[in-house]
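Notes for the structure review
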Amino acid sequence: MKTDLPQSFRRLEYRPPIYTFDEVELHIALDPARTIVKSRIEVLPGKSFEAGAPLILAGQELEFVSLRINGQAHRHFELTPETLSIHSLPNEGKQKFTLEIISICVPEKNTTLMGLYVSNGNFFTQCEAEGFRKITYFLDRPDVMARYRVTLQAREAECPVLLSNGNLLSTEKLPNGWHSATWEDPFPKPSYLFALVAGELECIEETITTSSGAKKLLQIWVEPHDLKKTRHAMDSLIASIHWDEKRYGLELDLERFMIVAVSDFNMGAMENKGLNIFNTKFVLAQPETATDADFANIESVVAHEYFHNWTGNRVTCQDWFQLSLKEGLTVFRDQEFSAGQMGSESGRAVKRIEDVRLLRQLQFPEDAGPMAHPIRPDEYQEINNFYTVTVYEKGSEVVRMYQTLLGRDGFRKGMGLYFKRHDGQAVTCDDFLAAMADANGKDLTQFQNWYCQAGTPRVKVEESYDAAKKQFHLTLTQSCAATPGQPEKKPFHIPLKMRLITDAHDQPEQLLELTQPTQTWIFDNVADRPVLSINRDFSAPVNLDFDQSEADLLILFSSDDDAFNRWEAGQKLAMQMILNDRLPDQDLIEAYRNLLLDPSLDPAFKELALTLPAESYLYEQCENVDPQKIFTARRAFRRAIAKQLQLEWAALYQQNQTPGPFTSDAASAGKRALKNLALSMLLEADPNIWAPMAVNQYQVADNMTDRYAALAALVVHGVKAADDCLVDFFSRFNNDALVIDKWFALQSSRPPVDSLEPTLGNVKRLREHPAFKLNNPNRARSVIHAFCTNNPASFHQADGSGYAFWAESVLALDPINPQVAARLARALDRWRLFAQPYQGQMKAALAQVAACQTLSPDVREVIGKALGN
Ligand code: B3K
Ligand code: ZN
C-alpha cells in the first residue's frame, strides 16, 4: 500500500548506514512463477552504528519465507509492505553476524521492469536505483558496498545460459533437468550494480590484450537470430576500452566483460559490474536495419556504460542526490569519446553542435519548468524521476567547464587525484570538486553554485568600440530566473571563450571568467570595430542576451573560425526571423547558398547549419506561445529555403551519394545526412516533381538511413506514394521489432500537412494496430511518446484533443510501468508557457490525471509539481 501523502527525501537528511554488509551470498532458483531467493549476508556495524538499533532492510513485492541469524531461526522481526525490521540482534549488533533470508518473487508478473523480470522467455534484472529490494530484502542503498557470490539455478532446457557479475567459478548439472552456475565479483559494489541474466542466448566473443598485457574476454549476448547484428557493438566496446586507457590510463579490471541485449527495457542501458544490460536498440545494428544515428547512438551508449566501470562503479555515489557525480561525468566522457571517433576537427564540432542542440531542446525547458532542479537535487519523491537531462546533460556541461577552466591536462590531473583518493568508495559531488581544485591549486568555491542552483543563467552582453582609442569594451551581466524553491540566485562562475573577429585576424581566442554579477573588460589595440564571437564552442550552458545586429550575425555565420558559433549565428538569424513571422531575406539566402557550396566544409556541418531550430526551442524564447503560429511560421521559412535553393539542393543530392559498400563512418554518414536533407527540401519545394526520386531512393536503398529518409520525406510531405511505401516497409521488416518501432514512430510524429489537418485519428489507429504493445516500452514510446513529445503541431490542438489522448495514455501506462508513464507525464511540464486556449486545456488534462486515486508515486510527483502542489 502506498501512503496518500507523497513522501519527500532530502539531501541534507543523509545519514551514513547504521549497519553495513561485507560478504553476500545469493542462491537464486529461477522460475517465472516462483523464484526462490536465499541470501546469506555478513552484517557489520556501519558508520553511524548505535548498539541495539534494529536492522531495517528494504523489500518490495516479496513473499517472506524465513529468517535466521548465526544459523538460528530468528523471530524478532516486523514486516511492512516496504521493509523488514530485525530486532534483538546478537550482542546488540556490535559484532559481525550472519543473516540468512529466504524470500520469493514472481518475475513473470513484473511489468515494471524493475527487479527481476521475464522478457521473451528469458530472465533479466534492473536494479538501479532501487530495484534490488524487489529481488531480496537488503540494505538497498549505494553506500553499502559488498562482495557478491551468486549461484543461479534453472531448468537447463529453458535457460542454458546463466550469467551474473564478475568471474565464472563453476557450473554444475542438477537433478530433474536443472543446472547451476556460480559467479563471483571480486570488487565490492552497491546492490544497484547487481545483475543476472538467464535464458536462451548466444554470444559473439573476442579476446583482447589491455595496456598492462592482461587478456580479457569480451562477449555480446543476444537472442540467436540477432547474432549477425552485434559486430558494431563489439567494435564500439573495443574502441572504448582503448580510449579509456589512452586518455585517462584506466584499464578494464575484470577478466571478462559482457553485454546482454533485451527488448523490454525502461531506458537505454545499465552499467552492472561486468554484465551490462542493454536495450536492443543500443546493441543491434546492420546497415539494412539501422540508421546512421542508430550506429552513432550504439557507439556512444556502449562507451557510456563501459566508462561507468570507473566513473560510477569503482567510485560510486554516496546517495542518489549525487547521481550527477557518475552520470554527468560519464556523459562528458562518452561525448569526448564520440567526438574523437568523428575523425577530424570539424567532426568534433559537429558532435558538439548535436550535443548542444539536444541540451537546449530538452534541458533548457526542464530548467525553466516545474521540475527544475540543480544537477545535484536537494529533494525528490521518486528517484527514478531524477534521471533527467539536467542530471545527465547539464551535468556533463558542468564537468566540461572544469576542463575549460583547468585545461585538458589539469582535468586529467584532477581525475587522477579523484581515483587515488576515492577508489572503492561511495562519494559526493563535493569530493569530485575538491579533487579538481586540489590537483590544480585552483579555488573552485564559487563553482559549487553549479551544483546547488537550478535554472539556466542568462548573460547580458553589452559592447562598444572606441575608434579613437582603438579600444573595445565588453560588459557582461549575469542573472538567473527563480526556480521552484530558489527565488534568489548567487552568481555562477562562468567560463566564456571569446574572440574579436577582425579583418586582420589578429585577436586571439581568450577565456573570460565571469564571477561577479557584472564585469567589464577592455581590449586595447583593436584596429577596427570587431565582431564579437562569444561563448565559443558553447563553453558555458547559458543563454546569451545579446542584441547582435543581423549584419554581425551574417559575418559570423559566413566566417567565424569557431564552427559552433558559426552554426549558432545561423540559428539565431533563423530564430529571430521565424519568431517575427518573417521569411529569410536575400542576404540570408545568399549566406546559406555560399555555405552549401563551400567545398571546405563538412557535409555534416552543412546539414546542421540548414536545419532550423526545433519548435520546442522556439517556444522557450517567447511568452504566451501559440504553437500553431510557430509551426506555420517555421514551415513557411523552411519552404522558402527549399524553393529558393532548389537548384543547389538538386546538385547536393547528386554530389553526396555514397556508392559502394555501406560504411557507418562519420564522413559517409555526413554525406547521407546532407543528401537526405536535400531530398526532404526538394519535396518541401515541390512534392509533385520530386516524389518519384524519393520513391526510387526508397526502393533501391541498400541501407536503412537512405530507405528511412526517403520514406520520411514522402510521409512528412503528404505524398500519395507514401501509403504504398509504408505498407511495403511493414511487410519487409515485419520480423524486426526495432524497425517496426521506426515504422510506428514515423507515422506518430508526422506533422500535419497544414495546421488544420487532424492527425490524432491516425495515432489512435496505430494504437489499435495488432503489432502495438503497451507493455513493451520501445513500442509504447514509438507511438505515444513520439506523438506527445515529437509532434508538437499535432499534439497542441486548440480543442485539447491531444492533451486528452495524453491523459488517457498516462493513466493506461501507469499501472503497467510507472517509469514509462512518468516520462510521458512530463510532456505537459511547460503548460504555463502557452497561450489560451492551450494553457487551460493542458491544465484540465493535468487535473484529470491528478484526480486518479491510484497513481504511482512516479506519476504523482510529476503531475503534482506541474500543477504547483
Ligand atoms: N545508470 C543507468 C540508468 C538507470 C536508470 C534507473 N531508472 C544507465 C546509465 O546512465 O548509464
Ligand atoms: Zn550513465
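Everything below is about the structure printed above this text.
Residues numbered from 1 in each chain as written. Chains lettered and ligands numbered in written order. Predicted model: local features only at pLDDT ≥ 70, side-chain atom pairs only at ≥ 80, totals over all residues. Heavy atoms only, no water.

Comments concerning the overall build of the protein
The criterion, for reference: Under the scheme used here, helices are H or I runs from DSSP no shorter than 4 residues and strands are E runs no shorter than 2 residues, and both carry numbers assigned from the N terminus. For a compact globule the rule gives 2.2 Å times the number of residues to the power 0.38, and the radius of gyration it is set against comes from C-alpha atoms. When checking whether two residues touch, look at their non-hydrogen atoms; a contact exists if any pair is within 4.5 Å. A 1.4 Å probe and the Shrake-Rupley method give the accessible areas. Residues count as covered only by the protein chains that appear here. Neither His nor the chain termini are counted; the positive set is Lys and Arg, and the negative set is Asp and Glu. The location of each charge is read from NZ of Lys, CZ of Arg, CG of Asp or CD of Glu.
When helices and strands are counted, the protein shows 26 helices and 31 strands. Taken against the 2.2 N^0.38 rule, which gives 29 Å for 869 residues, the C-alpha radius of gyration of the protein at 28 Å falls within 12% of a compact globule. Seen through its principal axes, the protein has C-alpha atoms that stretch 90 × 65 × 60 Å. In the protein, 70% of the contacts between residues at least 6 apart in sequence involve partners at least 24 apart. About 33500 Å² of surface is accessible on the protein, with carbon and sulfur atoms providing 50% of the total. One finds the centroid of the 90 positive side-chain charges in the protein at a distance of 1 Å from the centroid of its 113 negative side-chain charges.

Quick look at the coordination of the zinc ion (ligand 2)
As a reminder, the rule being used: Each metal's donors are the N, O and S atoms within 2.8 Å of it, or within 3.2 Å when it is Na, K or Ca, and because water is not part of the set, sites may look incomplete. Per-residue accessibility, obtained with a 1.4 Å probe over protein chains only, is compared with the maximum for each type, and a residue is labelled buried under 20%, exposed over 50%, and partly exposed between these values.
The protein atoms donating to the zinc ion (ligand 2) are H304 (NE2), H308 (NE2) and E327 (OE), with metal-donor distances spanning 1.9 to 2.0 Å. Counting gaps between the donor residues of the zinc ion (ligand 2) yields the pattern H-x3-H-x18-E. Of this pair, H308 sits in the loop between α2 (292-307) and β22 (316-317) while E327 sits in helix α3 (residues 323-341), and the two are 19 residues apart along the sequence. No difference in accessibility class separates H308 from E327, as the two residues are buried.

Quick notes on helix α6 (residues 429-440)
Where we set the bar: One less than the residue count of a helix, multiplied by 1.5 Å, gives the span that helix is expected to have.
Under the 1.5 Å per step criterion, the end-to-end length of α6 is 17 Å for 12 residues, consistent within 8% with the ideal 16 Å. Residues C429, F432, L433, A435, M436 and A437 constitute the buried set of α6. Against the buried residues of α6 lie α3, α5 (389-422) and α7 (449-452). Following α6 by one or two positions, G441 has its phi on the positive side, about 60°.

Notes on the pairing of strand β9 (residues 97-105)
Quick note on the threshold: DSSP bridges decide pairing: two strands pair if at least two such bridges lie between them.
Within β9, seven of the nine residues are buried, leaving the element largely enclosed by the surrounding structure. In terms of strand pairing, strand β3 (residues 35-45) meets β9 through nine bridges, oriented antiparallel. Pairing of V37 across the sheet is with S103, part of β9. In terms of strand pairing, strand β5 (residues 63-69) meets β9 through six bridges, oriented antiparallel.

So, the nonpolar core
Selection rule: The term nonpolar core refers to a set of buried residues drawn from Ala, Val, Leu, Ile, Met, Phe, Trp, Tyr and Cys, joined through side-chain atoms within 4.5 Å.
Core analysis: the biggest nonpolar cluster contains 117 residues, and Y592, W649 and W806 have the highest contact counts within it. Among the nonpolar cores identified, the runner-up in size contains 84 residues, and F278, L284, W450 and I494 belong to it.

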